[in-house]
Amino acid sequence: SAVISQKPSRDICQRGTSLTIQCQVDSQVTMMFWYRQQPGQSLTLIATANQGSEATYESGFVIDKFPISRPNLTFSTLTVSNMSPEDSSIYLCSVVTGSGGGQPQHFGDGTRLSIL
Amino acid sequence: AQSVTQPDIHITVSEGASLELRCNYSYGATPYLFWYVQSPGQGLQLLLKYFSGDTLVQGIKGFEAEFKRSQSSFNLRKPSVHWSDAAEYFCAVSRLTGGGNKLTFGTGTQLKVEL
C-alpha cells in the first residue's frame, strides 16, 4: 500500500489563527479524503479532495472553514481557518490507490491539533 | 443512509484469551466492510476487508472477521490476544457514490489487555 506522510504531526495554535496540514503520498492515488477525529470520538469525513477542482464537502463542513487543495495526484493540503478550541482534533488524510468499488482507504498518521 | 454500530465502548481481556469485537451495520445493498485499528498516537491501519465471496475473511496480526448477512454483522475475532493488541478498533462500511468510496465509521471499541 502507499506510504502517506502528514505534516505537521502535531501543533499547538492560538485561537483565531490558521494552520495548513500537508498530505504527501509516495505514488499516484485515485482518491484522497480528509477526516476529523474529535477527542474520544470516531472519524468524520470532512471532504473529498478532487484533483484539479474544488473539494466536495460533507454536510456540516464548509470551504471557508476548511479550504482544501489538491494540485496533483500525490499531494493535498487542508487548512483549518480561524481556529477555536472546538477545532482541537486529530486530522487525518486517507487515500485510495486502486480503482473499482470497495477499494480500502489507507490513512496517514494524522495531525494532532490543539487550540489554546 | 448507512450506519455502523459498535455496541461495546470498552473491552478488557486477559493476554492469551480469545477476543470478539462486535459490529452491526445498516446498509441498503451489499456492503463493503472494513476493520481498522488505531494504536495510541498513530493513524488507522487496515486489518481486513470484506467485499464478496467467502464470508470468513482473514486479516493481518492473526485477526479474522465473519460477515453474516442475516444478522447484519461483521464481528472481529482473534483466538489469542497479545498485549500489543491493546488499541482502538473501528468497524467501517463503504458506500460507492459518484465521488468514490466513502467510509462511515462506528464509534470504536477500546481494547485493554491485562497481563
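Residues numbered from 1 in each chain as written. Chains lettered and ligands numbered in written order. Predicted model: local features only at pLDDT ≥ 70, side-chain atom pairs only at ≥ 80, totals over all residues. Heavy atoms only, no water.

1. Overview of unusual backbone geometry
Residues and elements named next belong to chain A. A cis geometry characterises the amide bond from lysine 7 onward to proline 8, with omega recorded as -10°. For proline 8, the location among the structural elements is in the loop between strand S1 (4-7) and strand S2 (10-13). The phi angle at asparagine 82 is positive, at roughly 45°, despite the residue not being glycine. Turning to its location among the elements, asparagine 82 is positioned in the loop between strand S8 (75-80) and strand S9 (89-96). (Helix = DSSP H or I, 4+ residues; strand = E, 2+ residues; numbered from the N terminus.)

2. Considerations on the interface of chain A and chain B
Interfaces are frequently sized by the accessible area removed from exposure as the parts join. Chain A puts 22 residues into the contact, and the matching count from chain B is 22 residues. Between chain A and chain B the total buried area reaches about 1700 Å² when both faces are included, carbon and sulfur atoms providing 53% of it. Glu58(A) serves as the salt-bridge partner of Lys102(B), at 2.8 Å between the closest nitrogen and oxygen. Here chain A is connected to chain B by 7 residue pairs in polar contact (both at pLDDT 80 or more). Of all the secondary structure elements, the ones that give two or more residues to the side of chain A that touches chain B are strand S4 (31-37), strand S5 (43-49) and strand S10 (106-107) of chain A. Of all the elements, S4(A) adds the most residues to the side of chain A that touches chain B, at 4 residues. Each residue belonging to the side of chain A that touches chain B can be placed in one class, and the counts come to 8 nonpolar, 11 polar and 3 charged. (Contact = heavy atoms within 4.5 Å. Buried area = accessible area lost by both parts, 1.4 Å probe. Salt bridge = Lys/Arg side-chain N within 4 Å of Asp/Glu carboxyl O. Polar contact = N/O pair within 3.5 Å; in protein donor to acceptor, adjacent residues only side chain to side chain. Nonpolar A, V, L, I, M, F, W, Y, C, P; charged D, E, K, R; others polar.)

3. Let's talk about the confidence of the model for chain B
In low-pLDDT regions, the fine details of the predicted coordinates are not to be read closely. Here chain B averages 91 in pLDDT, and 95% of its residues register 70 or above. When pLDDT is averaged over each element of chain B, strand S3 (residues 19-21) of chain B comes out on top at 98 and strand S11 (residues 100-105) of chain B at the bottom at 82. (pLDDT = per-residue confidence, 0-100.)

4. Considerations on the pattern of salt bridges
Considering all chains together, one arrives at 6 salt bridges over all chains under this definition. With a shortest N-O distance of 2.7 Å, Lys65(A) and Asp87(A) are connected by a salt bridge. Of this pair, Lys65(A) sits in the loop between strand S6 (56-57) and strand S7 (68-72) while Asp87(A) sits in the loop between S8 and S9; the two residues are 22 residues apart in sequence, bridging distant segments of the chain. The class of Lys65(A) is partly exposed, set by a relative accessible area of 22%. Residue Arg22(B) pairs with Asp8(B) through a salt bridge whose shortest N-O separation is 2.9 Å. (Buried < 20%, exposed > 50% of the residue type's maximum accessible area, 1.4 Å probe, protein only.)

5. Topic: the environment of Ser81(A)
All names here are of chain A. Within the secondary structure, serine 81 sits in the loop between S8 and S9. Judged by its relative accessible area of 14%, serine 81 is buried. For the pair serine 81 and threonine 17, spaced 64 residues apart in the sequence, the C-alpha separation amounts to 6.6 Å. The contact partners of serine 81, leaving out residues within four places of it in the chain, are Thr17, Ser18, Asp64, Lys65, Pro67 and Asp87.

6. Observations regarding the packing of aromatic side chains
Within the structure shown, the criterion is met by 15 aromatic pairs over all chains. Ring geometry for Tyr35(A) against Phe105(B): centres 5.8 Å apart, planes inclined by 85°, an arrangement best described as edge-to-face. Pair noted here: Tyr35(A) is in strand S4 and Phe105(B) is in strand S11, and the two residues belong to different chains. In this structure, Tyr35(A) and Phe105(B) share a single accessibility class: buried. Each ring, one from Phe34(B) and one from Tyr36(B), has its centre 6.3 Å from the other, and the planes form 35°; the classification is tilted. Taken as a pair, Phe34(B) and Tyr36(B) share a single burial class, namely buried. (Phe/Tyr/Trp six-rings, centres within 6.5 Å; stacked < 30°, edge-to-face > 60°.)

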